[in-house]
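Examining the three-dimensional arrangement
Residue-level listing of the chains:
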Amino acid sequence: MANDSKTWRCGKYELSFDRPRIMGVLNVTPDSFSDGGEHFDPDAAIEYGLAMLDAGADIIDVGGESTRPGFTPVNPDEEARRVLPVVRALAKEGAIVSIDTRHVAVAKAAVRCGASIVNDVTGFTDPKMVEFVATSTCGVIVMHAGEVAAPARTHATVQLDTSAAAFVAEKAREAAAEAAREAEKPARRRRGKLLGEPKTEAKLPGGVVQPSLPFGDPEPAPEPTGEQKQETPAAEQVAPAAEAATTPEPAPEPSDHLAAMMRRSARREEAYVPTSQLRRFTLPDSAPIMRRVMGFLSDQARALIHAGVSRDRICIDPGPGFGKTANEDIVIQRETAKMASLGYPLMCAVSRKRFVGAVSGVTEAAERDAATFGVCLGAIQAGANIVRVHDVTGFAQFLNGYWAVAKPQPRRAFVAVGSNLGHRCDNIRAARDMIAEIPLTCVSNCSRIYESEPAYETRQDAFANAVIEIKTELAPLVLLDELMKIEAELGRDRSKKAKVNGPRTIDLDLLWMDGETHGGKKLRLPHPLIGERDFVLVPLEDLMHDPARFFRYNGVEVKEPEDRVGHIVGELGRM
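It should be emphasised that the depicted structure is a prediction, and the values quoted were computed from it without experimental measurement.

Re the overall build of the protein chain
Of regular secondary structure, the protein chain possesses 18 helices and 18 strands. Buried residues in the protein chain amount to 48% of all 575 residues. In the protein chain, the share of contacts with a sequence separation of at least 24, taken over all contacts with a separation of at least 6, comes to 73%.

The structure is reproduced here in structure tokens:
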């Protein structure tokens, strides 16, 4: 299950998997298969990325090149122009940003702009990409893109003829073929060294051998030598030219390896028709498929580790839809538990893919979200840790509902409480009692109530402040909504006319939650201002030993007492 001990280090962030993590898809492209052009404008893309964070996304995956079947490769300069403003803006808001690219120049620029993850659709088969991530601290996603079944053999039609003349003719052909083989033996010996040369493979730093691309491209035929040309009969040399003159030239394959593989994949899906030959099983044998997928993922992960990438930075993705038929994708999804057993965080990236449409009967990609959720749930139950989806709002609701019932998981959190209007201490105690009534939540401890100087907006009355420790099974954004309801019920004015840091009957801030890192406009975890607020850090000393050290360990900058705001000036009593 997803609530395991794996962690994923991505730059300055560390993701735990006590619950599944949601990756929102943000395509800054004009031609993506289900949402092409919707977020092509950088401002629209930034707004949509922030909306996904506020809806429950833990990670935003930004891509500037569509890799749908039949896609047109994008120049790295154009791809960078599309994605870098979006990456920079989202990272500034505290988001964990993944850059979906196969170009090392784009990956380098995105990481400099704040991206924490490199999601390489070609599975780090480019040694330059491996060299780059080995010198950085970003998380990496190794994806398998390639065909998983051996090409089907073609059989010539055989017509039986039992006549005596046919028998004599067949014997004559066999004798002629044998004589030709005997005559060819010296030539084979002369060419033996050339034909037996081993294939070369790219070397990575440290002498690690980099596997070739997993796209199943056929090896180019060697050019004929002078001897071979001489041995070829003149009639055979002329025949290809004559045939070319009468046979129409096929459409050229794209030179880009990934584009060629995706085009072949699309043709394979479109060309499939039922035959009269019956099959014994509904799906192909899983063993050869999983050997190719898991073998590639394991080999690439080991190559990254040998190159200097720590194991806890690596995530794997079987790449549904990339060179695979619907049957093969289903086989791979059913073997999720085997892939999870490799020990790396596992991605489920099936959102709106062709095979999801095949099993649900939904033709339009944008209408496959409900079916996507079903496939993702099966993957989560089998051990997937991250789900990559287009509809973050719908999936977050789906996951929160399922997780609340299926997985008892109380987690510790801290809520800061403040008031400087009316009966300040009574307001704080009323808020405490209402927090205890939130579903799946209890109050486990409370600090004393302290009086503090006003912070930020100094021309107002002193505040009463406290911190409440709770245990909750709600998702952070759901808990925040409940806290905002309490504020409204106790008379907090959050309208535009009210000063942001002005007087208030009650103020509730979610400071920290066990295992949660979040960015966006609506919620930031840990709270970005904890380290400068004396009226928060002093009450926390009642609930934990050395809160400054605790938050520094969690990546929060904590200021010295004399440099903080809202200094504590007295104690007002207990809760």
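Quick word on the sheet that holds strand β6 (residues 117–120)
Strand order in the open sheet formed by eight strands is β10-β7-β6-β5-β4-β3-β12-β11, with parallel pairing between adjacent strands. In this open sheet, the two edge strands, each paired with only one partner strand, are β10 (314–317) and β11 (347–348). Where β6 lies against strand β7 (residues 139–143), four bridges are found, and the strand directions are parallel. In the sheet register, aspartate 120 faces β7, and the bridge partner there is valine 142.

Looking at helix α14 (residues 392–406)
Here α14 spans 20 Å end to end across 15 residues, near enough to the 21 Å set by a 1.5 Å rise per residue. When we look at burial in α14, the residues that qualify are Val392, Gly394, Phe395, Ala396, Leu399, Tyr402 and Trp403. Here the buried face of α14 lies against β3 (21–27), α1 (42–55), α13 (369–382) and β12 (386–389). The N-cap of α14, judged by a side-chain oxygen 3.0 Å from the amide nitrogen of glycine 394 a few residues on, is aspartate 391.

Structural notes on unusual backbone geometry
Looking along the chain, the bond that leaves leucine 525 and enters proline 526 is cis, with omega of -10°. A positive phi angle, close to 70°, is found at tyrosine 456, a residue other than glycine. Along the chain, tyrosine 456 falls in the loop between β15 (449–452) and β16 (463–472). Residue classification places tyrosine 456 among the partly exposed positions, given a relative accessible area of 37%.

Structural notes on the pairing of β16
Where a strand is regular, its side chains alternate between the two sheet faces. Burial analysis of β16 places nine of its ten residues in the buried class, the great majority of the element. Taken together, the nine bridges between strand β13 (residues 411–419) and β16 define a ladder with antiparallel strand orientation. Looking across to β16, one finds that valine 415 is bridged to isoleucine 468. In the sheet, strand β14 (residues 441–446) pairs with β16 via five bridges, with the strands oriented antiparallel.

What about helix α2 (residues 76–92)?
Since the α-helix advances by 3.6 residues per turn, residues separated by three or four positions end up pointing in the same direction. Across its 17 residues, α2 extends 23 Å between first and last C-alpha, which sits within 8% of the 24 Å expected from 1.5 Å per residue. Listing the buried residues of α2 in full gives Glu79, Ala80, Arg82, Val83, Leu84, Val86, Val87, Leu90 and Ala91. The inward-facing, buried residues of α2 contact β3, α1, β4 (59–63), β5 (96–100) and α3 (104–112). Backbone nitrogen of aspartate 77 and a side-chain oxygen of the N-cap are separated by 2.7 Å at the start of α2; the cap is asparagine 75. Phi turns positive, to about 85°, at glycine 94, one or two residues after α2.

Details of the environment of histidine 423
Among the structural elements, histidine 423 can be located in the loop between β13 and α15 (424–435). Judged by relative accessible area, histidine 423 falls into the exposed class, the value being 60%. Separated by 82 residues in the primary sequence, histidine 423 and threonine 505 place their C-alpha atoms 8.4 Å from one another.

About the cut-offs
- Every chain is numbered independently, its residues counted from 1 as its sequence is written.
- Where totals are concerned, whole chains, interfaces and linings use all residues; where local detail is concerned, this predicted model gives features only for residues with pLDDT of at least 70, and gives and counts side-chain atom pairs only at 80 or more.
- Each side-chain value is derived from all of the structure's non-hydrogen atoms; neither hydrogens nor water enter the calculation.
- Only runs of H or I of at least four residues qualify as helices and only runs of E of at least two qualify as strands under DSSP, and these elements are numbered from the N terminus.
- Between buried and exposed lies partly exposed: a residue is buried under 20% and exposed over 50% of the maximum accessible area for its type, with that area taken using a 1.4 Å probe on protein chains only.
- Only heavy atoms matter for contacts: two residues are in contact if any of them lie within 4.5 Å across the pair.
- One requirement defines pairing of two strands: DSSP has to find at least two bridges between them.
- To estimate how far a helix should reach, multiply one less than its number of residues by 1.5 Å.
- Counted as a polar contact is a pair of N or O atoms within 3.5 Å, where, for protein atoms, one must be capable of donating a hydrogen and the other of accepting one, and residues adjacent in sequence contribute only when both atoms are in side chains.

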